[in-house]
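Each chain is listed here by its residues.
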Amino acid sequence: MRRFVISQAKNLIDQTRRCRQPHHHSNLRLLSLLRSPASDSTPVYSPRLFSSSASDMSDSSSSLPVTLDSINPKVLKCEYAVRGEIVSIAQRLQDDLKTNKDAYPFDEIIYCNIGNPQSLGQQPITFFREVLALCSHTALLDESATHGLFSSDSIDRAWKILDQIPGKATGAYSHSQGIKGLRDAIAAGIEARDGFPADPNDIFMTDGASPGVHMMMQLLISSEKDGILCPIPQYPLYSASIALHGGSLVPYYLDEASGWGLEISELKKQLEDAKSKGITVRALAVINPGNPTGQVLSEENQRDVVDFCKKEGLVLLADEVYQENVYVPDKKFHSFKKVARSMGYGEKDISLVSFQSISKGYYGECGKRGGYMEVTGFTSDVREQIYKVASVNLCSNISGQILASLVMSPPKPGDDSYDSYIAEKEGILSSLATRAKTLEEALNKLEGVTCNRAEGAMYLFPCINLPQKAIAAAEAAKTAPDAFYCKRLLNATGIVVVPGSGFRQVPGTWHFRCTILPQEDKIPAIVDRLTEFHKSFMDEFRD
């Protein structure tokens, strides 16, 4: 770490010596944060900028029993880029901005690194929060004033939910799969969405989608000889979970030239390559709509994927958390379960696990940690093992369970809240589509940048054709070229994005992931900052 900081500081010294840009004082300020308090000339590791605690000790001074050499090597192998080094630097800059506002050419840090809608100003859905409030503080239901403050259907729904909870105790543990009545509501929502039956006993409620993914990796991976086919670029949850559980990630590359297409020929190629290395591929993970790539699969493509899994005996892990986030008229979300059932495949034909979350869509309730997985096509003895693993965690949190049921059973026409609910939902999704298009067009105007259209999800993943001088500078700084670009972008503009290298990518290509979540009134400023920075960067490193 010390070597990295020294190399970064040397780069900043070189930049400030030759800098003629108006934002050079931000580099000087960052450099000052890297310097030792005892010396103006020697950049050192600064706990204030890079560590979580000023009391952190160096490795050499520690006599504690836990060291990097003694911890589980699988933890060391695990990486999670969306909350990685650049975000840590951004958080330190944000703290420094509070007392040194004049030291930077920006007045705020804009976090475009993660799909966290409400942190960037998105408002929660009123009906969902009203029901949650009434369920959380049940005394409100006995107050006459409540009927003037809350919609009638939110009051009715709260009573219905509470009646399904023993003792109406929302602070108590539930069944390990989740409250039965809430699973009934979710199953009914799935059936209404797909047109095929859903069984509440197939629903396992989770704290967001991530625990469900971890649970399936625990089930499927027993050694490094067990592989999971994952899309590249991929959401780092998958590589991290596979690493933690000791398996092998088997990559299949999405085709950027065809709008991040999923080619069956690529799946077959990577499957055969894995087999030649002695790896048994257990499952295929598909993210639809895509993260970080934003594509929406066609139903025909999904049918091919289902046939592939059926033929090869693979579990299909369908990450469908962005199912509400589709922004183009020529694409529509279809669940993999709906596709499989429409092909005539039932419980005995294909093993399919689909993941849903309350964190995405138009609801964006990331901090409430709610979601579920629907588990189909497993024998009863295997399902008992899945239940056992779920039981180890006792249950998912009750507020998240309630919200997950509401997401899958929102107000219906004729309900008191329906009109306001539809207005809020459509307003959010329409705005997201507008923001996606604006950022996509802006990125495609930048020199050496190409960006596929944002069909869905919450991200853009542009490709950057970096000059050779920039790549050489990144190598000198011992960092990936796209990470070098993203750090420079942060220091110059306060905009936080994630390097494509954190998601994996075709070797020799460079990208970054940017969310579309900042509110509409901030998008023009983001575009202006990004455009100005990119021009300056390209001028500085032009070959």
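Please read all numbers here as calculations on a predicted model, not as lab measurements.

*Asks:* So what about the overall build of the protein? Which residues, and what values?
*Replies:* Regarding its fold elements, the protein presents 20 helices and 14 strands. Counting the 543 residues in the protein, one finds 55% classified as buried. Pairs at least 24 apart in sequence give 72% of the contacts found in the protein among residues at least 6 apart. Here the protein has roughly 23,700 Å² of accessible surface; of this, 51% comes from carbon and sulfur atoms.

*Asks:* Residues and numbers for unusual backbone geometry, please.
*Replies:* The peptide bond linking Ile 232 to Pro 233 adopts the cis configuration, its omega dihedral lying at 5°. Along the chain, the position of Pro 233 falls in the loop between strand E3 (226-232) and helix H11 (236-244). Looking along the chain, the bond that leaves Asn 291 and enters Pro 292 is cis, with omega of 15°. Within the secondary structure, Pro 292 sits in the loop between strand E5 (280-287) and helix H13 (299-312). Unlike most non-glycine residues, Trp 260 shows phi in positive territory, near 60°. Examined against the element boundaries, Trp 260 turns out to sit in the loop between strand E4 (248-253) and helix H12 (264-276). By relative accessible area, which is 4% here, Trp 260 ends up buried.

*Asks:* Explain the sheet that holds strand E13 (residues 498-499) to me, using residue names and the numbers behind them.
*Replies:* Read from one edge of the open sheet, three strands run E10-E14-E13, paired in antiparallel fashion. The sheet terminates laterally at strand E10 (459-460) and E13, the two strands that pair on one side only. Here two bridges tie E10 to strand E14 (residues 512-515), and the two strands are oriented antiparallel to one another. Bridge assignment links Tyr 459 to a residue of E14, and that residue is Thr 515.

*Asks:* How would you sum up the sheet that holds strand E8 (residues 371-376)? Please name residues and give values.
*Replies:* Pairing between sheet strands relies on hydrogen bonds along the backbone, with the strands arranged either parallel or antiparallel. Pairing in this open sheet of seven strands is mixed, and the strands run E2-E8-E7-E6-E5-E3-E4 from one edge to the other. Looking at which strands have only one partner, the edges of the open sheet turn out to be strand E2 (203-206) and E4. The sheet shows a mean angle of 20° between the axes of neighbouring strands, direction not considered. Judged from the six bridges that link them, E3 and E4 form a sheet pairing that is parallel. Residue pairing in the sheet places Leu 229 in a bridge with Val 250 of E4. Of the strands in this sheet, E3, E5 and strand E6 (315-319) are in contact with H13, which crosses E5 at around 165°.

*Asks:* How would you summarise the pairing of strand E7 (residues 352-357) if you had to cite specific residues and measurements?
*Replies:* In terms of residue burial, E7 counts as a mostly covered element, since six of its six residues are buried. Residues of E7 alternate between two faces, with Leu 352, Ser 354 and Gln 356 on one and Val 353, Phe 355 and Ser 357 on the opposite face, all of them buried. Bridge analysis of E6 against E7 gives four bridges, and the strand direction is parallel. By the bridge assignment, Asp 319 is partnered in E7 with Phe 355.

*Asks:* Residues and numbers for the nonpolar core, please.
*Replies:* Phe 128 and Leu 317 are the most contacted members of the largest nonpolar core, which totals 122 residues. Not counting residues within four places of it along the chain, the set of residues in contact with Leu 317 comprises Met 216, Met 217, Leu 220, Ala 283, Leu 284, Ala 285, Val 286, Val 353 and Phe 355. If you look at the next biggest cluster of nonpolar residues, it comprises 31 residues, including Val 250, Ile 279, Phe 308 and Phe 461.

*Asks:* Residues and numbers for the packing of aromatic side chains, please.
*Replies:* In this structure the tally under the stated criterion is 15 aromatic pairs. With a centroid separation of 5.7 Å and an interplanar angle of 80°, the aromatic rings of Phe 461 and Phe 503 are classed as edge-to-face. On the criterion of sequence distance, the pair formed by Phe 461 in the loop between E10 and strand E11 (463-464) and Phe 503 in the loop between E13 and E14 is long-range, its members being 42 residues apart. A relative accessible area of 2% means that Phe 461 is categorised as buried.

*Asks:* An account of the confidence of the model for the protein is needed here, citing residue identities and associated values.
*Replies:* For the protein, per-residue confidence averages 85 on the pLDDT scale, and residues scoring 70 or more make up 87% of the total. No element of the protein has a lower mean pLDDT than helix H3 (residues 47-50), which averages 36, and none a higher one than helix H14 (residues 336-342), which averages 97. With pLDDT under 50 throughout, residues 1-55 is counted as low confidence; its partners more than four residues away or in other chains account for 91 contacts.

*Asks:* Give me the lowdown on the pattern of salt bridges, citing residues and values where you can.
*Replies:* Enumeration over the complete set of coordinates arrives at 22 salt bridges. The closest approach of N and O atoms between Glu 108 and Lys 522, which form a salt bridge, is 2.9 Å. On the criterion of sequence distance, the pair formed by Glu 108 in the loop between helix H5 (85-97) and strand E1 (110-111) and Lys 522 in the loop between E14 and helix H20 (523-541) is long-range, its members being 414 residues apart. Under the relative-accessibility criterion, Glu 108 is labelled partly exposed at 28%. Given a relative accessible area of 34%, Lys 522 falls into the partly exposed group.

*Asks:* Give me the lowdown on the side chain of Glu 374, citing residues and values where you can.
*Replies:* With respect to the element layout, Glu 374 can be found in strand E8. One polar contact links Glu 374 to Lys 337, side chain to side chain, over a distance of 2.7 Å. When residues no more than four places from it in sequence are discounted, the contact partners of Glu 374 are Ile 190, Ala 198, Asp 202, Ile 203, Lys 337, Leu 352, Val 353 and Ser 354.

*Asks:* Please give an account of the pairing of E5 that cites residues and values.
*Replies:* Within E5, six of the eight residues are buried, leaving the element largely enclosed by the surrounding structure. Sheet topology places E3 next to E5; four bridges connect them, and they run parallel. The residue bridging Asp 226 from the neighbouring strand is Thr 280, located in E5. Pairing of E5 with E6 involves five bridges; the strand directions are parallel. Among the inter-strand pairings, Ala 285 is bridged to a residue of E6, identified as Leu 317. With H13 bridging E5 and the parallel E6, this β-α-β connection has right-handed handedness.

*Asks:* Could you give an account of the state of the cysteines, naming the residues involved and the relevant values?
*Replies:* Counting across every chain of the model gives zero disulfides. Looking at the unpaired Cys 112, the closest cysteine sulfur is the one in Cys 514, lying at 4.3 Å. Judged by relative accessible area, which is 1%, Cys 112 ranks as buried.

*Asks:* Explain helix H17 (residues 418-444) to me, and be specific about the residues and the numbers.
*Replies:* In this model, H17 (27 residues) spans 39 Å end to end at C-alpha, consistent with the 39 Å of a helix rising 1.5 Å per residue. Within H17, the full set of buried residues consists of Tyr 421, Lys 425, Ile 428, Leu 429, Ser 431, Leu 432, Arg 435, Ala 436, Leu 439, Glu 440, Ala 442 and Leu 443. Of the surrounding secondary structure, the elements contacted by the buried residues of H17 are helix H6 (126-136), strand E9 (449-450), E10, E14 and H20.

Calculation rules
- Residue positions are given per chain, counting from 1 as you read along its sequence in written order.
- Given that this is a predicted model, residues contribute local features only at a pLDDT of at least 70 and side-chain atom pairs are listed and counted only at 80 or more, while totals for whole chains, interfaces and linings are drawn from all residues.
- Where side-chain values are given, they derive from all heavy atoms of the structure, hydrogens and water being excluded.
- We count a stretch as a helix when DSSP gives it H or I for four or more residues in a row; a strand needs E for two or more, and each element gets its number in order from the N terminus.
- Partly exposed residues are those whose accessible area sits between 20% and 50% of the maximum for their type, while under 20% is buried and over 50% is exposed, using a 1.4 Å probe and protein chains only.
- Whether two residues are in contact is decided by their heavy atoms: any pair within 4.5 Å suffices.
- For accessible areas, the Shrake-Rupley method is used with a probe of radius 1.4 Å. Any residue's cover is judged against the shown protein chains and nothing else.
- The pairing criterion is simple: DSSP has to find at least two bridges between the two strands.
- To get an axis, a line is fitted to the C-alpha atoms, and for a helix only the part in contact is used. The angle between two axes follows their N-to-C directions and goes from 0 to 180 degrees.
- We define a nonpolar core as any set of buried Ala, Val, Leu, Ile, Met, Phe, Trp, Tyr and Cys residues linked to one another through side-chain atoms lying within 4.5 Å.
- For this analysis, a ring pair means two rings from Phe, Tyr or Trp (six-membered ring only for Trp) whose centres lie within 6.5 Å, classed as stacked if their planes differ by under 30 degrees, edge-to-face if by over 60, and tilted for the remaining angles.
- Residue-level confidence of the predictor is summarised by pLDDT, bounded by 0 at the bottom and 100 at the top.
- By salt bridge we mean one thing: a side-chain nitrogen of Lys or Arg within 4 Å of a carboxyl oxygen of Asp or Glu.
- Whenever a nitrogen or oxygen atom comes within 3.5 Å of another N or O atom, the pair is scored as a polar contact, on the condition that within protein one atom can donate a hydrogen and the other can accept it, and that pairs from neighbouring residues in sequence are kept only if both atoms are in side chains.
- Handedness of a crossover: with both strands directed away from the viewer, a clockwise path from the first strand across the helix to the second marks it as right-handed.
- Throughout, disulfides are identified as pairs of cysteine sulfur atoms within 2.5 Å of each other.
- Every helix has an expected span of 1.5 Å times one less than the residues it contains.

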